[in-house]
Amino acid sequence: MKKGYKQLVDEASAQIKTYSVAEAQARLSDPRVQFIDVRDVRELEREGVIPGAFHAPRGMIEFWVDPDSPYFKPVFGEHKEFILFCAAGWRSALTTKTVQDMGLENVAHIDGGFSAWKAAGAPVAIKTSKNEGK
């Protein structure tokens, strides 16, 4: 193997902005900031979510970020700071580097991901089903 995941994560981390949980939490209520959850939907249902975070699964993020894609999500066209996170901070580091390389400006990720967020006692909500209340 030419490069393992650790090297890829380390290389990405050296080129992106990383927030501690405390720094990210201080931005949670800022209307100029959008949290982006790149975890799998099963993780959201099992572990909970950061209130107000937009779910953009890592497998679709390149398509959702690119305005030329038929899958583009308008949230990524807003002039906000995007703070990405996953469970441990590895996937979000790689994803932050990818969307930064694509030209999405003002992006960062949370060191330690959702696990660190939850361990710090930061706000967590229950993921509600799309079919709830229908």
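What you see is a predicted model; the values in this text were computed from it and never measured.

Reading guide: rules and limits
- Residues numbered from 1 in each chain as written.
- Predicted model: local features only at pLDDT ≥ 70, side-chain atom pairs only at ≥ 80, totals over all residues.
- Heavy atoms only, no water.
- Pairing = 2+ DSSP bridges.
- Helix = DSSP H or I, 4+ residues; strand = E, 2+ residues; numbered from the N terminus.
- Contact = heavy atoms within 4.5 Å.
- Axes fitted to C-alpha atoms, helices over the stretch in contact; angles between N-to-C directions.
- Core = buried A, V, L, I, M, F, W, Y, C linked by side-chain atoms within 4.5 Å.
- Buried < 20%, exposed > 50% of the residue type's maximum accessible area, 1.4 Å probe, protein only.
- Phe/Tyr/Trp six-rings, centres within 6.5 Å; stacked < 30°, edge-to-face > 60°.
- Lys NZ or Arg CZ within 6 Å of the ring centre and 35° of its normal.
- Polar contact = N/O pair within 3.5 Å; in protein donor to acceptor, adjacent residues only side chain to side chain.

Participant: Before we go on, may I ask you to explain the sheet that holds strand β3 (residues 54-55) in this structure?
Facilitator: The strands making up a sheet associate through hydrogen bonds between their backbones, and the pairing can be parallel or antiparallel. Strands sit in the order β1-β5-β4-β2-β3 across an open sheet of 5 strands; the sheet is parallel. Since the sheet does not close on itself, it has two edges, and those belong to β1 (17-19) and β3, each with one partner. Sitting on the sheet, helix α5 (residues 90-102) touches β4 (81-85) and β5 (107-110), and the angle it makes with β5 is about 180°.

Participant: What is the right way to look at the nonpolar core in this model?
Facilitator: A general trend in soluble globular proteins is that nonpolar side chains are found buried together. Among the nonpolar cores identified, the biggest contains 14 residues, and Ile-36, Ile-61, Phe-76, Phe-82, Val-99 and Leu-104 are the most heavily contacted of them. Of all the secondary-structure elements, those providing two or more residues to this core are α4 (61-65) and β4. At 3 residues, α4 tops the list of elements feeding residues into this core. If near-sequence neighbours (up to four positions away) are discounted, Phe-82 is found in contact with Gln-34, Ile-36, Val-75, Phe-76, Leu-104, Glu-105, Asn-106, Val-107 and Ala-108. Within the second largest apolar cluster, 13 residues are counted, among which are Val-33, Phe-35, Ala-108 and Phe-114.

Participant: Help me understand the packing of aromatic side chains in this model?
Facilitator: Given two aromatic rings, one states the distance between the centres and the angle between the planes to describe the pair. This model, assessed by the stated rule, comprises 7 aromatic pairs. Geometrically, the ring pair formed by Phe-35 and Trp-117 is edge-to-face, given 5.9 Å between the ring centres and 65° between the ring planes. Of this pair, Phe-35 sits in strand β2 (residues 33-37) while Trp-117 sits in helix α6 (residues 113-119), placing them 82 residues apart in sequence. Centroid distance Phe-85 to Phe-114: 6.2 Å. Interplanar angle 25°. Geometry classified as stacked. Of the two residues, Phe-85 is situated in strand β4 and Phe-114 in helix α6; the sequence distance between them amounts to 29 residues. Residue Phe-85 shares its accessibility class with Phe-114, and that shared class is buried. Through pairs of rings, three or more aromatic residues link up here, namely Phe-54, Trp-64, Phe-76 and Phe-82. Positioned over the ring face of Phe-114 is Arg-39, at 4.1 Å from the centre of the ring. The ring of Trp-64 has Lys-73 sitting right over it, with the charged end atom 4.7 Å from the ring centre.

Participant: What exactly am I supposed to notice about the side chain of Lys-97 here?
Facilitator: Tracing the backbone through its elements, the reader meets Lys-97 in helix α5. Of the residues examined, Lys-97 reaches a relative accessible area of 15% and is grouped as buried. Of the polar contacts made by the side chain of Lys-97, one reaches the side chain of Asp-101; its length is 2.7 Å. Contacts of Lys-97, omitting those with residues within four sequence positions, involve Ala-12, Gln-15 and Ile-16.

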